[in-house]
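Below, each chain spelled out in residue letters.
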Amino acid sequence: MRVLYTPGVLIHAPRSEMKHGTMIPARECPARAVIVRDALTQGQGFHFEEPPGTVPPALGRVHDRDYLEFLQTAWPRWQAHIGQGDDTPDAFPLIFPVRTLNETRPKAIDGELSYYAMDTGTPLTAGAWESALASASSAAEAAHRVAGGERAAFALTRPPGHHAAAGKFGGYCFLNNAAVAAQTLLDAGADKVAILDLDYHHGNGTQSIFQARGDVLVVNIHADPDFEFPFFLGRADETGEGPGEGATLNLPLARGTGWSGYAEALERACAAIAAFGAEALVLSWGFDTYEGDPLSTFKIARDDFARMGERAAGLGLPSVIVLEGGYATASLGGNVAAGLSGFAGA
Ligand code: Q9C
Ligand code: ZN
């Protein structure tokens, strides 16, 4: 299997995030990509290639122009605002335009951070834009390969993307890599693309980007938002709107779900994708469903990732696979290798 990887994904290195009111080391860290890269390098049948260092055209079709401008310039503005040069701490938003306020975009950088964020859990760092762009470029190049006839390609993306909406960052995500891959497949000639999101968390960004579109089916299998982040999207009654009515499918699962419950949802997901008539698949694959993951309540084992990959491959569709979450860093390389090998072996 083709692997799109660039060291650009290692630049974004958040220091810390908040947990229960105190700061802990950031879970979404460069070591995640390093361990996946090393596991695939040592594994069988993975062929590495670097994506081009250019901005993928699909980026501007799934994200707002003003949001992209903000992301690209946020760090130097934040640095100037803080006035501590190279010692500038990571940027966090501290207020949100909730229902009692209005959504007029402020001019100050700290106000804009709040305008473009969905949570305080996503440190914006000196390298956030560079790594997010490297990831989006990897996803787009993987899509080009698949559009050009390769059976499957894996984009080793980090930071992840599925919580990022057209104009919002959050959930460790800045640019929606899966959406970029899907849009690239469409732009290369596919009429219909399906996105299957297997991260532990609901991919709210991906759903919202395509919610009113009929050309992309978005299917999510995830922890029920009644008890889990992102809390405000991912319910079973969300089915899409306008031309996208019927092209959103949410399969929320209970706390503690193991392989049997998960496999049942996966069957339903695959049946929907087959019925939609997709010509290509984007697998938005997070490995935080793992039984050893610090963010997960699910009980998915390494062998189960191989079964997951096998089932997704069984759809028989040209597939772009992008990496989403997975925070049991020491186990992440082996888990990704197992999943991709399961896919390739099917
Ligand atoms: N105390 C992805 O997996 N914060 N994002 C959880 C737990 C949000 C995860 C806080 C987790 C977002 C791509
Ligand atoms: Zn996740």
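Above this text sits the structure in question.
No experiment lies behind these values; they were computed from the predicted model shown.

Colleague: When you look at the coordination of the zinc ion (ligand 2) in this model, what are you seeing that I'm missing?
Modeller: A four-donor tetrahedral metal ideally has 109.5 degree angles, and a six-donor octahedral metal ideally has angles of 90 or 180 degrees. At the metal site, the zinc ion (ligand 2) is ligated by Asp199 (OD), His201 (ND1) and Asp288 (OD), and these contacts range over 1.9 to 2.0 Å. When the donor residues of the zinc ion (ligand 2) are listed from N- to C-terminus, their spacing reads D-x1-H-x86-D. The class of Asp199 is buried, set by a relative accessible area of 1%.

Colleague: Even after reading the chapter, I still don't get the side chain of Glu228, so can you show me in this structure?
Modeller: Tracing the chain through its elements places Glu228 in the loop between β7 (216–223) and β8 (248–253). Leave out the neighbours within four places in its chain, and Glu228 touches Tyr200, His201, Ala223 and Leu295.

Colleague: Honestly, the site of ligand 1 in this entry has me stumped. Any pointers?
Modeller: With respect to spatial proximity, the complete set of residues near ligand 1 consists of Pro160, His162, His163, Gly171, Tyr172, Asp199, His201, Phe229, Asp288, Leu295, Gly325 and Tyr327. Gly171 places a polar main-chain atom, nitrogen or oxygen, 3.0 Å from a nitrogen atom of ligand 1. In isolation ligand 1 exposes 400 Å². Once the protein is present, 81% of that is buried. Spatially, ligand 1 is embedded in the largest pocket. Of the residues that constitute the shell around ligand 1, the class distribution is 5 nonpolar, 5 polar and 2 charged.

Colleague: Teacher, can you tell me more about helix α3 (residues 65–82) here?
Modeller: Since the α-helix advances by 3.6 residues per turn, residues separated by three or four positions end up pointing in the same direction. Here α3 contains 18 residues, and its C-alpha end-to-end distance of 26 Å stays within 8% of the 26 Å for a straight helix at 1.5 Å per residue. Residues of α3 that are buried in the fold lie against α2 (59–62), α4 (109–116) and α5 (128–147). Just beyond α3, the residue with positive phi is Gly83, at close to 75 degrees.

Colleague: Can you help me understand empty space enclosed by the protein in this one?
Modeller: Empty space among the atoms can be located by rolling a probe the size of a water molecule over them. In this structure the tally under the stated criterion is 1 cavity of 30 Å³ or more. Computed from the structure, the largest cavity encloses a volume of approximately 50 Å³.

Colleague: Just to check I follow, could you spell out the packing of aromatic side chains for this structure?
Modeller: Note on aromatic pairs: each is described by the distance of the centres and the angle between the planes. Counting across every chain of the model gives 13 aromatic pairs. Consider the rings of Tyr5 and Phe48, whose centres lie 6.4 Å apart with planes at 75 degrees: the pair is edge-to-face. Of this pair, Tyr5 sits in the loop between β1 (2–4) and β2 (16–19) while Phe48 is found in strand β4 (residues 47–49), placing the two residues 43 residues apart along the sequence. With relative accessibility at 31%, the residue Phe48 sits in the partly exposed group. When the ring centre of Tyr115 is taken as reference, the NZ or CZ atom of Lys168 above it lies at 5.3 Å. In this structure, Lys192 packs its charged tip against the face of Phe276, placed 4.7 Å from the ring centre.

Colleague: Even after reading the chapter, I still don't get the environment of Arg268, so can you show me in this structure?
Modeller: Within the secondary structure layout, Arg268 lies in helix α8 (residues 259–276). Judged by its relative accessible area of 55%, Arg268 is exposed. As a C-alpha pair, Arg268 and Leu249 span 19 residues in sequence and 9.7 Å in three-dimensional space. With residues near it in sequence (within four places) discarded, Arg268 still touches Leu249 and Leu251.

Colleague: What should I look at first to understand unusual backbone geometry in this one?
Modeller: The bulk of non-glycine residues show a negative phi, and the bulk of peptide bonds are trans. Geometrically, the link from Arg158 to Pro159 is a cis peptide bond, its omega value of 0 degrees lying close to zero. Counting through the fold element by element, Pro159 comes out in the loop between β5 (152–155) and α6 (177–187). Between Phe229 and Pro230 the backbone carries a cis peptide bond, its omega angle lying at 10 degrees. With respect to the helices and strands, the residue Pro230 is situated in the loop between β7 and β8. A positive phi is found at His20, a non-glycine position, where the angle reads about 50 degrees. In this structure, His20 sits in the loop between β2 and β3 (22–25).

Calculation notes
Residues numbered from 1 in each chain as written. Chains lettered and ligands numbered in written order. Predicted model: local features only at pLDDT ≥ 70, side-chain atom pairs only at ≥ 80, totals over all residues. Heavy atoms only, no water. Donors = N, O, S within 2.8 Å, 3.2 Å for Na, K, Ca; no water. Buried < 20%, exposed > 50% of the residue type's maximum accessible area, 1.4 Å probe, protein only. Helix = DSSP H or I, 4+ residues; strand = E, 2+ residues; numbered from the N terminus. Contact = heavy atoms within 4.5 Å. Near = heavy atom within 4 Å. Polar contact = N/O pair within 3.5 Å; in protein donor to acceptor, adjacent residues only side chain to side chain. Areas by Shrake-Rupley, 256 points an atom, 1.4 Å probe, with all protein chains shown as cover. 1 Å grid on protein atoms, 1.4 Å probe; cavity = no way out; pocket = protein on both sides within 12 Å on 5 of 7 lines; lining within 4 Å. Sits in = over half its atoms within 2 Å of the grid points. Nonpolar A, V, L, I, M, F, W, Y, C, P; charged D, E, K, R; others polar. Expected span 1.5 Å × (residues − 1). Points joined across faces, edges and corners; volume = space filled by probe spheres on them. Phe/Tyr/Trp six-rings, centres within 6.5 Å; stacked < 30°, edge-to-face > 60°. Lys NZ or Arg CZ within 6 Å of the ring centre and 35° of its normal.

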